[in-house]
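Remarks on the overall topology
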Amino acid sequence: MDKFSKLDKNDFEPRKKKDNILFQNDWVKLINYEDYTAISFRDSVFCVPVLIEKNQILIRKEYNPAFKYKTGQEYHLSFIGGGIEIGETPEEALLRELQEEAGLVLRDNYKIEFMKPFFLTKANVDQCYLTIIFLTENDYEEVRPTTDGSKLEKMSHTAKIDIKYIDSLLPSDLVTEYLITKLKQEMNL
């Protein structure tokens, strides 16, 4: 325990390093760092949009080949989100994902507050930024989702679900499960 109590803020500052890449394609890198193999995708953002007046949340029914590989099930529930593009802030990425996946455009004065970012696994070098956004009708405009143009996004869609059905949702991934739990805590459900 003494080992961990001596960590300070500087222990968590990003380190500038040259990647020792073992494998790389358009989506993933395997990196060797200090004799440890780590996976690098890109940082990501996810959110639960809560439409207050409608008492609804937005959730995705996504086609996910990685999950299908393991379970045989084609579609899985997840929340709005995705990877942060090079040069984007988490806020910019979330605004883009909201428009692409849900057709929501937030007003300029809406302030997004993320929870503390975390790593998905101990072998992953990327962080995940999560938020629950409570929206009144004055906070957003609904438009046609722009999509990112990918085949997988065209096979997926966003649905509005009444909050009273939150306990019947069956998430397939840890991030979705965590966000449901946090939402239930926030709303005292």
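Below you will find a few notes about this structure. Owing to the predicted nature of the structure, the values given are computational and were not obtained by experimental measurement.

**So, the pattern of salt bridges**
- The tally for this structure, following the rule as stated, stands at 11 salt bridges.
- Here Lys-68 ties to Glu-74 by a salt bridge, and the two come within 3.3 Å at their closest N and O atoms.
- Using a relative accessible area of 38% as the deciding quantity, one classes Glu-74 as partly exposed.
- Glu-88 is paired through a salt bridge with Arg-96; the nearest N and O atoms lie 2.7 Å apart.
- Salt bridges here are not isolated pairs; linked through shared partners, they connect Glu-88, Arg-96, Glu-97 and Glu-100.

**Comments concerning helix α3 (residues 90-102)**
- Over its 13 residues, α3 runs 17 Å from end to end, which matches the ideal 18 Å to within 8%, given 1.5 Å per residue.
- For α3, the set of buried residues is Pro-90, Ala-93, Leu-94, Arg-96, Glu-97, Leu-98, Glu-100, Glu-101 and Ala-102.
- Positive backbone phi, approximately 70 degrees, marks Gly-103, located one or two places after α3.

**A short note on the nonpolar core**
- Ranked by size, the top nonpolar core spans 18 residues in total, and within it Leu-98, Leu-104, Leu-106, Ile-133 and Leu-135 carry the most contacts.
- Of all elements in the fold, only β4 (44-51), α3, β8 (104-106) and β10 (127-135) reach the threshold of two or more residues within this core.
- When residues of this core are assigned to their parent elements, the largest contribution, 4 residues, is made by α3.
- Apart from the residues lying within four places of it in its own chain, the contact partners of Leu-135 are Pro-49, Val-50, Leu-51, Ile-52, Glu-53, Leu-104, Leu-106, Tyr-110 and Tyr-140.
- Formed by 15 residues, the second largest nonpolar core is a distinct cluster that contains Val-48, Val-50, Phe-79 and Ile-163.

**Description of the sheet that holds strand β1 (residues 20-24)**
- The antiparallel open sheet is built from 3 strands, whose spatial order is β1-β2-β3. In the strand order of this sheet, the two ends are held by β1 and β3 (36-40), each with one partner. Put simply, the sheet's adjacent strands are angled 25 degrees from each other on average, direction ignored.
- Pairing of β1 with strand β2 (residues 29-33), which is carried by 4 bridges, proceeds in the antiparallel orientation.

**Topic: the packing of aromatic side chains**
- In total, this model carries 3 aromatic pairs according to the counting rule given.
- Ring centres of Tyr-63 and Tyr-75 lie 5.7 Å apart, and the angle between their planes is 70 degrees; on these two criteria the pair is classed as edge-to-face. Pair noted here: Tyr-63 is in strand β5 (residues 56-63) and Tyr-75 is in strand β6 (residues 75-78), with a separation of 12 residues, a long-range link.
- Since its relative accessible area comes to 16%, Tyr-63 is described here as buried.

Conventions we followed
Residues numbered from 1 in each chain as written. Predicted model: local features only at pLDDT ≥ 70, side-chain atom pairs only at ≥ 80, totals over all residues. Heavy atoms only, no water. Salt bridge = Lys/Arg side-chain N within 4 Å of Asp/Glu carboxyl O. Buried < 20%, exposed > 50% of the residue type's maximum accessible area, 1.4 Å probe, protein only. Helix = DSSP H or I, 4+ residues; strand = E, 2+ residues; numbered from the N terminus. Expected span 1.5 Å × (residues − 1). Core = buried A, V, L, I, M, F, W, Y, C linked by side-chain atoms within 4.5 Å. Contact = heavy atoms within 4.5 Å. Pairing = 2+ DSSP bridges. Axes fitted to C-alpha atoms, helices over the stretch in contact; angles between N-to-C directions. Phe/Tyr/Trp six-rings, centres within 6.5 Å; stacked < 30°, edge-to-face > 60°.

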